[in-house]
Amino acid sequence: MMAGRNRERNRSMSKILLLEDDLSLINGLSFAFKKQGFELNIARTLKEADALWADGRYDLLVLDVSLPDGTGFEFCKRVRQVSKVPIIFLTASDEETSIIMGLDIGRDDYITKPFRPLELVARVKAQLRRYKHYNSGSGMTDDIISCSGLSLNVKTHECTLNERPLTLTPTEFSILCILCSHKGNVVSAEELFHQVWGDEYFNKSNNTITVHIRHLREKMGDSFEEPKYIKTVWGCGYKIEA
């Protein structure tokens, strides 16, 4: 009976791949993740990460940017060729160029060192909830959400703008779904952060939403000065017209 319950619990555990070379950070994160019920595999180099990725299935990846044999960006690019698994970057710098580079290759979130292990665990939980939520289509009354020339298929995660396909990360797709579901109404950056990542660590200086909105506008061919689709309502948030 006990063995059966243990097998069932193991099947329900989310499996995380951590790519990080700092032993002190690895030890702290290992304790925090395992205490929260996650199964954690650790790689300290790109070579080790490639072997683990080829050998198993993961629910989420946590990737350090700087590694002894390359960068987490390189591994992210290879993963994105075959998977939409959520990816969180660990970065020692909050420079916008690094953040945008991560967006370009398909990361979903980032956290700047130093950070508390439980802060990362909270981000991981939020990403897993969002990923499962939108994969199942739960919370949406229709499989297709349409507004302002956008068409988003919640079941297949396909998006078109005026019948032109858009290639979006899961996070970008989530943001557009939320804005289109509230079409004509303003959604604050805090509410977007709450729905996509969880708002436990939100603060007004957090530029995660700003960078994602900017990247979405680039993909949509939208203008920051005179946007046709995603409009900024200064001091309030963002909206897409009905």
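Asker: I keep staring at the packing of helix 3 (residues 46-55) against helix 4 (residues 72-80) and nothing clicks. Help me out?
Answerer: Packed helix pairs are specified by the crossing angle of their axes together with the interaxial distance, meaning the distance between the axes. Remark: helix 3 packs on helix 4, axes separated minimally by 10 Å, with the N-to-C direction vectors making an angle of 20°. As the angle between them shows, helix 3 and helix 4 are arranged roughly parallel. Here helix 3 and helix 4 pass one another in a crossing that is right-handed. Contacts between helix 3 and helix 4 involve Leu46, Ala49, Asp50 and Trp53 on the former and, on the latter, Glu74, Phe75, Arg78 and Val79. By residue class, the composition of the contact of helix 3 with helix 4 is 5 nonpolar, no polar and 3 charged.

Asker: Would you take a moment to explain the state of the cysteines for this structure?
Answerer: Defined simply, a disulfide is a covalent bond joining two cysteines at their sulfur atoms. For the structure shown, the criterion picks out 0 disulfides. Here cysteine 177 is not cross-linked by a disulfide; its sulfur's nearest cysteine counterpart is in cysteine 180, at 7.2 Å. Residue classification places cysteine 177 among the buried residues on the basis of a relative accessible area of 0%. On the basis of relative accessible area, cysteine 180 is assigned to the buried category, the value being 2%.

Asker: Honestly, the sheet that holds strand 8 (residues 144-147) in this entry has me stumped. Any pointers?
Answerer: Sheet architecture is open: 4 strands sit in the order 8-9-10-11, paired in antiparallel fashion. Since the sheet does not close on itself, it has two edges, and those belong to strand 8 and strand 11 (164-166), each with one partner. Across the sheet, the mean angle separating the axes of adjacent strands is 20° when strand polarity is ignored. Bridging between strand 10 (residues 158-161) and strand 11 involves 3 bridges; their strand directions are antiparallel. Within the sheet, the bridge partner assigned to leucine 161 lies in strand 11 and is arginine 164. Strand contacts of helix 7 (residues 170-181): strand 8, strand 9 (150-153) and strand 10, with the helix running at about 115° to strand 9, the strand carrying the most contacts. The sheet strands contacting helix 9 (residues 208-220) are strand 9, strand 10 and strand 11, and the helix crosses strand 11 at an angle near 155°.

Rules and cut-offs
Residues numbered from 1 in each chain as written. Predicted model: local features only at pLDDT ≥ 70, side-chain atom pairs only at ≥ 80, totals over all residues. Heavy atoms only, no water. Axes fitted to C-alpha atoms, helices over the stretch in contact; angles between N-to-C directions. Helix = DSSP H or I, 4+ residues; strand = E, 2+ residues; numbered from the N terminus. Parallel < 35°, antiparallel > 145°, perpendicular 65-115°, else oblique. Left-handed = near helix turned anticlockwise from the far one by under 90°. Contact = heavy atoms within 4.5 Å. Nonpolar A, V, L, I, M, F, W, Y, C, P; charged D, E, K, R; others polar. Disulfide = S-S within 2.5 Å. Buried < 20%, exposed > 50% of the residue type's maximum accessible area, 1.4 Å probe, protein only. Pairing = 2+ DSSP bridges.

Note that all results are geometric; they support no functional claim without further evidence.
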